[in-house]
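Each chain, written out:
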Amino acid sequence: MSHRVFLISDLQVPYHDQRAVDAVVACLDDLRAPDDLVCTVGDEIDLPTISRWTQGGPGEWERTIGRDRDKTVEILAALRVNHAVRSNHTDRLFQSLQSRLPGLLGLPELELRNFLRFDELGIEFHEEAFRVAPGWAVLHGDESGTSQVAGTTAARLAAKVGLSIACGHTHRLGLQPHTQGVNGTVTRTLYGMEVGCLMDFRQATYTRTHNWQQGFGILYVDGKKVSPVLVPIQDKSFVVEGHRYSW
């Protein structure tokens, strides 16, 4: 039986692009079939107030973490996410407790799956690589070195893991296949797929330049065959299967 896997990464609430998110939600509401899956590929929330970059500065005192968490939960519910994977930004919760308030470690309310209400939303959380489709796994993308060339970070992970990899983290859209064969026969093709982000670049005030693209990915799964497709968001619009969404 065939189905689709929608791959969404790097919302980074509160730095998300709400109108782009709304359009993706509309797309899923229109096209999603009962067997389709939605997977977030990390960095659902940014957690800037507990970042090491704000430690000791005014950003640490902004008291926005509850509001940001509630907005993240609202978006995850609207997207009807099935699976989520660990990432460097969501790791900030544990790392901040470990380094600053270790006495709070083990408090259920501060475990990530409870903090982001994954169980309430029916989201399965994966702390390691998630086998999302035959021959494919999802990682966030920070597990090894990061390349500035779109698709290369994922392709390097694929070569290390021995599976096609879909990842986020780079905020870029890229698809790189590597085929192996002998005597005219293909023995294996591994894909590295980077699925972009849904950030609002205007809010990325921490960098003057960037090499990022908005978008998301889709895996079309037909038995053991998997076809990866990237969906770029350009000029406030995108097209999926002939359906145009714009704002």
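A few points on the structure.

Calculation rules
- Residues numbered from 1 in each chain as written.
- Predicted model: local features only at pLDDT ≥ 70, side-chain atom pairs only at ≥ 80, totals over all residues.
- Heavy atoms only, no water.
- Helix = DSSP H or I, 4+ residues; strand = E, 2+ residues; numbered from the N terminus.
- Contact = heavy atoms within 4.5 Å.
- Areas by Shrake-Rupley, 256 points an atom, 1.4 Å probe, with all protein chains shown as cover.
- Lys, Arg positive; Asp, Glu negative; His and termini not counted.
- Charge placed at Lys NZ, Arg CZ, Asp CG, Glu CD.
- Pairing = 2+ DSSP bridges.
- Axes fitted to C-alpha atoms, helices over the stretch in contact; angles between N-to-C directions.
- Salt bridge = Lys/Arg side-chain N within 4 Å of Asp/Glu carboxyl O.
- Buried < 20%, exposed > 50% of the residue type's maximum accessible area, 1.4 Å probe, protein only.
- Expected span 1.5 Å × (residues − 1).
- Core = buried A, V, L, I, M, F, W, Y, C linked by side-chain atoms within 4.5 Å.
- Polar contact = N/O pair within 3.5 Å; in protein donor to acceptor, adjacent residues only side chain to side chain.
- Phe/Tyr/Trp six-rings, centres within 6.5 Å; stacked < 30°, edge-to-face > 60°.
- Lys NZ or Arg CZ within 6 Å of the ring centre and 35° of its normal.

1. Some remarks on the overall build of the chain
A tally of helices and strands in the chain yields 6 helices and 13 strands. Each principal axis of the C-alpha atoms in the chain carries an extent, and together these give about 60 × 40 × 40 Å. For the chain, long-range pairs separated by at least 24 residues make up 70% of all intrachain contacts whose partners lie at least 6 apart in sequence. Accessible surface, the chain: about 12,400 Å² in total, of which carbon and sulfur atoms supply 50%. Averaging the positions of the 25 positive and the 30 negative side-chain charges in the chain gives two centres separated by 5 Å.

2. Considerations on the sheet that holds strand β7 (residues 164–167)
The strand order across the open sheet formed by 5 strands is β5-β6-β7-β9-β8, and the pairing between neighbours is mixed. Looking along the sheet, the strands with just one partner apiece sit at the ends: β5 (130–133) and β8 (173–182). Across the sheet, the mean angle separating the axes of adjacent strands is 25 degrees when strand polarity is ignored. As judged from the 10 bridges shared by β8 and strand β9 (residues 185–195), these two strands associate in the antiparallel manner. Paired with Thr-179 across the bridge in β9 is Thr-189. Across the sheet, helix α6 (residues 152–161) lies against β7, β8 and β9, angled at about 135 degrees from β9, the strand it touches most.

3. Some words on the pattern of salt bridges
Tallied over the entire structure, the rule returns 12 salt bridges. A salt bridge links Asp-29 to Arg-80; the shortest N-O distance between them is 3.3 Å. With Asp-29 in helix α1 (residues 18–31) and Arg-80 in the loop between α2 (65–79) and β3 (83–85), the pair connects residues that are 51 residues apart, well separated along the chain. Look at Asp-29 and you get partly exposed, because its relative accessible area is 47%.

4. Re α2
In a regular helix each residue adds 1.5 Å, so 15 residues correspond to 21 Å; α2 covers 21 Å between its end C-alpha atoms and thus fits that length. Lining the buried residues of α2 we find β1 (2–8), α1, β2 (37–40), α4 (112–115) and α5 (118–121). Backbone geometry just downstream of α2 places Arg-80 in the positive-phi region, at approximately 55 degrees.

5. Quick word on the environment of Val-240
Topologically, Val-240 is positioned in strand β12 (residues 237–240). If near-sequence neighbours (up to four positions away) are discounted, Val-240 is found in contact with Cys-27, Leu-31, Phe-216, Ile-218 and Val-231.

6. Brief notes about the nonpolar core
Among soluble globular proteins, nonpolar side chains are generally buried collectively. Leu-79, Phe-216 and Phe-238 are the most contacted members of the largest nonpolar core, which has 36 residues in total. Mapped onto this core, the elements with two or more residues apiece are β1, α1, α2, α4, β10 (215–222) and β12. Setting aside its immediate chain neighbours within four residues, Phe-216 contacts Phe-6, Leu-7, Ile-8, Val-24, Leu-173, Val-195, Val-229, Leu-230, Val-231, Phe-238 and Val-240. Listed in part, the 16 residues of the second largest apolar core include Leu-7, Val-132, Trp-136 and Val-226.

7. Some remarks on the side chain of His-171
By secondary structure assignment, the location of His-171 is in the loop between β7 and β8. At 3.1 Å, the side chain of His-171 forms a polar contact with the side chain of Asp-10. Ignoring any residue separated from it by four or fewer positions in sequence, one finds His-171 in contact with Asp-10, Gln-12, Gly-196, Cys-197, Met-199, Trp-212 and Gln-213.

8. As for the packing of aromatic side chains
Two measures describe an aromatic ring pair: the distance that separates the ring centres and the angle between the ring planes. Under the definition given, this model contains 6 aromatic pairs. Where Trp-136 meets Tyr-191, the ring centres are 6.0 Å apart and the plane angle is 15 degrees; that geometry is what we call stacked. Placement of the pair is Trp-136 in strand β6 (residues 136–138) and Tyr-191 in strand β9, with a sequence separation of 55 residues. One Lys or Arg, Arg-69, reaches over the ring of Phe-115 and ends 5.2 Å from the middle of that ring.

9. Some details on the sheet that holds strand β11 (residues 225–232)
An order of β4-β3-β2-β1-β10-β11 is seen for the 6 strands of this open sheet, with the pairing classed as mixed. Both outer strands of the open sheet, β4 (124–126) and β11, are each paired with one neighbouring strand and no more. For this sheet, the mean inter-axis angle between neighbouring strands, taken without regard to orientation, is 20 degrees. Across 3 bridges, the pairing between β3 and β4 is parallel. Directly across from Ala-84, in β4, lies its bridge partner Phe-125. Taken strand by strand, α1 contacts β1, β2 and β10, and its axis lies near 170 degrees from that of β1.

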